[in-house]
Structures are given as structure tokens and as C-alpha cells.
Amino acid sequence: MRLGIVGGGQLARMLALAAAPLGVRCRVLEPAADACAAVAAEHIRAAYDDPAGLRRLAEGAACVTFEFENVPVASLDYLVDHAPVFPSPQALATARDRLVEKTLFNDLGISTAAFRAVDTREDLDAAVTALGLPAVLKTRTLGYDGKGQAVLRAAADADAAWAALGGVPLILEAFVPYGREVSLIAVRGLAGASVFYPLTENSHRGGILHLSLSRANDPMQAPAQEYARRLLNALEYVGVLALELFEVDGELLANEFAPRVHNSGHWTIEGAETSQFENHVRAVLGLPLGRTEATGAAAMINFIGHMPSREAVLRLPAVHLHDYAKAARPGRKLGHATLCAKDEKSLRAHLPSLLALAEGDAL
Ligand code: AMP
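If you're wondering where the values come from, they're calculated on a predicted model, not measured in any experiment.

Participant: Explain the overall build of the protein chain to me, please; I cannot follow it from the model alone.
Facilitator: Scanning the protein chain from N- to C-terminus turns up 12 helices and 17 strands. Along the three orthogonal principal directions, the C-alpha set of the protein chain runs to about 55 × 55 × 40 Å. Every one of the 363 residues in the protein chain was classed for burial, and the buried ones make up 53%. As displayed, the protein chain offers around 14900 Å² of accessible surface, 52% of which is attributable to carbon and sulfur atoms.

Participant: What exactly am I supposed to notice about the site of the ligand here?
Facilitator: Around the ligand, the structure places 14 residues, and the nearest of them are Lys138, Gln149, Val176, Glu181 and Glu256. Glu173 has a polar side-chain atom sitting 3.1 Å from a nitrogen atom of the ligand. Residue Glu256 places a side-chain N or O atom 2.7 Å away from an oxygen atom belonging to the ligand. The set of elements that each furnish at least two residues to the shell around the ligand consists of strand S6 (135-139), strand S8 (170-174) and strand S14 (251-258). Of the residues contributing to the shell around the ligand, the split by class is six nonpolar, three polar and five charged. Mapping the shell around the ligand onto the domain boundaries places at least three of its residues in each of domain 2 (114-174) and domain 3 (180-358).

Participant: Would you take a moment to explain the packing of helix H2 (residues 51-58) against helix H3 (residues 73-80) for this structure?
Facilitator: With their axes 10 Å apart at the nearest point, H2 and H3 run at an angle of 50 degrees to one another. What the angle tells us is that H2 and H3 run oblique. In the crossing of H2 with H3, the sense of the turn from one axis to the other is right-handed. For the pair H2 and H3, the contacting residues are Pro51, Leu54, Arg55 and Ala58 in the first and Ser75, Tyr78 and Leu79 in the second.

Participant: Looking at this structure, I do not really get the pattern of salt bridges. What am I missing?
Facilitator: Opposite charge on two side chains lets them pair, provided their charged atoms get close. For the structure shown, the criterion picks out 21 salt bridges. Here Asp159 ties to Arg121 by a salt bridge, and the two come within 2.7 Å at their closest N and O atoms. Taken together, the residues span a long stretch of sequence, with Asp159 in helix H7 (residues 157-165) and Arg121 in helix H6 (residues 121-131) at a distance of 38 residues. Taking the relative accessible area as the measure of exposure, Arg121 reaches 21% and is therefore partly exposed. A salt bridge links Lys138 to Glu173; the shortest N-O distance between them is 3.1 Å. Taken together, the residues Lys138 in strand S6 and Glu173 in strand S8 connect sequence positions 35 residues apart. Residue classification places Lys138 among the buried residues on the basis of a relative accessible area of 4%. Counted as one network, the salt bridges with shared partners bring together Arg180, Glu201, Arg215, Asp218, Glu247, Glu344 and Arg348.

About the cut-offs
- Residue indices begin from 1 for each chain and proceed along its sequence in written order.
- Local features in this predicted model are restricted to residues whose pLDDT is 70 or higher, and side-chain atom pairs enter the listing and the counts only when it is 80 or higher, whereas totals over whole chains, interfaces and linings include all residues.
- Side-chain numbers come from the whole structure's heavy atoms, not from hydrogens or water.
- Secondary structure follows DSSP: runs of H or I at least 4 residues long count as helices, runs of E at least 2 residues long count as strands, and numbering of each begins at the N terminus.
- The cut-offs for exposure are 20% and 50% of the maximum accessible area for each residue type, with area from a 1.4 Å probe on protein chains only; residues under the lower value are buried, those over the upper are exposed, and the others partly exposed.
- For every accessible area listed, the method is Shrake-Rupley and the probe measures 1.4 Å; residues are considered covered only by the protein chains on display.
- A single heavy atom is enough: if one lies within 4 Å of a molecule or strand, its residue is considered near that molecule or strand.
- Throughout this description, a polar contact denotes any pair of N or O atoms lying within 3.5 Å of each other; where both atoms belong to protein, one of them has to be capable of donating a hydrogen while the other can accept it, and for residues adjacent in sequence the pair is counted only when both atoms sit in side chains.
- In this classification, Asp, Glu, Lys and Arg are treated as charged, Ala, Val, Leu, Ile, Met, Phe, Trp, Tyr, Cys and Pro as nonpolar, and every other residue, Gly included, as polar.
- Bear in mind that the domain bounds are from an automatic or database domain assignment.
- The angle between two axes is taken between their N-to-C directions and runs from 0 to 180 degrees, where each axis is a line fitted to C-alpha atoms and a helix contributes only its stretch in contact.
- Angles are sorted into four bins: roughly parallel if under 35 degrees, roughly antiparallel if over 145, roughly perpendicular if 65 to 115, and oblique for all others.
- Handedness of a helix crossing follows the sense of rotation of the near helix relative to the far helix, less than a right angle counterclockwise being left-handed and clockwise being right-handed.
- Residue contacts are defined here by distance: any two heavy atoms, one from each residue, within 4.5 Å place the two residues in contact.
- Any Lys or Arg side-chain nitrogen found within 4 Å of a carboxyl oxygen on Asp or Glu counts as a salt bridge.

This is the structure we're talking about:
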């Protein structure tokens with residue numbers, strides 16, 4: 001059985017590594033010569049919108065999926081004529097546009113920060129008046145890892161924010177004074193059944209995910225699942241979906257969803273009965289879904305911009321290293337490590353050594 005993946009980065013690599021034991025071979029479409037997924041998958045080197053590359057990706061594939069949101073929707077529309085595509089192009093199109101996404105959330109009774117569409121400088125003033133300050137101005141599409149965003153704290157910030165972002169469709173959101181950021185990794189199979197992982201608590205640095213902790217018995221698990229279930233069913237979704245949420249005063253506000261496997265679910269590789277990657281492969285190929293229970297406590301830390309010494313990480317007990325073998329660049333995700341422990345107390349005891357390595361400190 002073959003699975004096609006648009007994109008050849010670390011997410012495609014971890015999908016391919018999870019697919020192999022199931023007897024599923026992966027082929028990835030990636031223009032970069034040094035596709036990090038190529039260690040585990042056949043690499044088609046072509047642009048994401050190259051028809052010959054897309055046809056080759058679909059050829060003999062039981063299904064085509066994708067590893068990132070910025071795949072041209074037209075490419076998926078083209079692929080649909082050659083192979084089943086999951087998640088659907090419609091799910092991708094919804095997730096790509098923050099205005100469409102937040103409007104759907106609200107239509108489904110999923111709470112969000114108050115928001116307004118902003119297309120002109122006048123719209124920005126009107127939105128600031130309607131929502132108040134502070135507020136966050138974001139591009140509607142192509143934003144990721146905090147890029148394409150500006151926080152407005154005072155009315156005088158509007159000019160600079162407009163100068164930085166104006167000219168493309170924007171959205172202004174009320175600033176959420178959140179206590180925590182959490183995400184829910186959800187999976188819906190072809191037949192419509194859904195399973196959910198334990199909630200993950202996330203901290204970001206400079207807009208990039210830094211640390212994820214799996215949460216056993218979190219009080220927000222049930223409301224997060226209820227939100228995710230509505231979204232999965234409304235989109236007739238197939239595959240893994242990550243719902244990112246703010247918790248503020250005991251309430252959840254949805255920020256966005258990713259129609260794909262997600263960085264905040266990497267801990268499931270070693271910390272859950274079935275990883276998010278394996279469950280995505282199972283879901284899109286119409287195979288039975290695997291159990292999502294955590295096998296203990298887990299923490300995942302990203303290595304951003306620099307990789308710590310392999311020896312130093314491997315010296316730490318119960319730490320699993322994932323080196324994506326990518327060239328180092330500031331702000332680039334180069335790898336991650338997951339620390340597993342039998343319970344939260346033991347996890348907290350071991351975490352500081354791993355955090356120190358990620359900071360670049362010598363142990
Ligand atoms: P996003 O690209 O929407 O995931 O935003 C990146 C990060 O910016 C989030 O993880 C939050 O830490 C922060 N952020 C985004 N939107 C808001 C908001 N409306 N209020 C407060 N913080 C936000």
C-alpha cells in the first residue's frame with residue numbers, strides 16, 4: 001500500500017516512519033533537495049503545484065495527504081482527480097484563512113476571541129473601536145509560528161501595524177489574556193468515528209512552540225473534545241486535526257486548527273499507545289484507529305536554531321531524540337526530544353536537565 005504526502009519535512013518523515021511497520025510505503029513531493037523525509041520515503045523533487053509531480057505522487061497511491069497548510073488548494077483540487085485526498089481540500093481551505101476558520105468556529109458554537117475582518121486602513125480603525133485594545137492584527141492566510149502578526153497596545157500602534165501587514169486581507173482579534181495555551185489532537189476515521197488524545201499544554205517562545213506537556217485528566221479535556229467533535233463532524237474530516245485553544249478563566253476559546261499532524265502531538269510517538277502519525281496514516285487509509293491513551297507523563301521540547309550534542313541528550317534517561325538532520329538556521333525547528341516518565345512528579349524532576357540542553361547550556 002502506498003501513501004502520497006505533499007511536503008517532505010519532518011512531519012512527512014515522522015508519518016513515513018510510522019507508516020513503514022504497517023506495510024505502507026510513502027512517497028513525498030518536495031521541491032527542496034535536502035527533504036528530511038527522504039530518509040524514510042521516496043522523494044519526488046518538484047514544486048507543490050507541478051502537475052507532473054502531483055500525478056506521480058498520486059500514481060498507485062491509496063491516498064494522498066499533506067504535511068503543511070500552505071499547500072496550494074489548487075494542487076489538492078488537481079490531486080482529487082487522481083487519488084483520494086484526506087483531509088479534504090475544503091478542510092485545508094478553511095484552516096488556511098483565519099476569517100473563514102473563526103467564522104466556522106462561531107457558527108458551530110465554538111467560542112473565540114472577538115474578531116473583525118480588516119481590508120483597509122479605515123477597517124482597522126473601525127475594528128479597533130469595536131474590539132478595543134490590546135488587539136492582535138494577523139494576516140488571514142500564510143501566517144505561521146507567529147509570523148504575519150502585530151500586537152496593538154495603543155491607538156498609535158495602528159500605523160506601524162498597518163505598515164507592516166497592510167495590503168493583504170487581515171483580521172483583528174481581541175487580545176486574549178489567557179492563563180494557558182492547550183491543544184487537542186483529534187483523529188477522525190473514514191467511517192466517521194473519532195478518538196482524542198489527552199490534552200497538551202503548550203508554551204511558545206517568539207511565537208514558536210517551545211515545550212509541550214501531556215495532561216492527564218485535565219479539567220478542560222471534555223469541553224475541548226466537544227469543540228473538536230463539532231469541527232470534525234462539520235468538516236466530515238478524515239485524519240489528524242490539531243485544535244489550538246486558549247484557556248481564560250476556566251473557559252476555552254479556540255484560536256485555530258491545523259488540518260494535519262502537529263508539533264504539539266509529537267510526544268505521542270513515545271508517550272501514547274498509538275502515535276498521532278500512525279493514527280493519521282490509519283485514518284486516511286481507512287484502517288482501524290489505534291488507542292490514544294497516554295502511557296505515562298510526557299514532555300516534548302523543540303530544538304530551535306541549534307541542536308544540542310547528541311551524546312548529551314542520549315545520556316539523559318528516558319529521553320527520546322529526534323534529529324531532523326536539517327541545516328541549522330535561526331528560528332528553524334531542527335529536532336525535538338521527548339521525556340517520558342511514569343508520573344508527573346518524576347517528569348518534573350527530570351525535565352530541567354533536558355531544558356538546559358535545549359537552551360544550549362553544557363551539562
Ligand atoms: P497563532 O499564529 O494564531 O497561533 O498565534 C501565535 C501565538 O500568538 C499564539 O500561540 C499566542 O501565544 C499568541 N496569540 C495569537 N492570537 C492571540 C490573541 N488573540 N490574544 C493573545 N495572544 C494571541
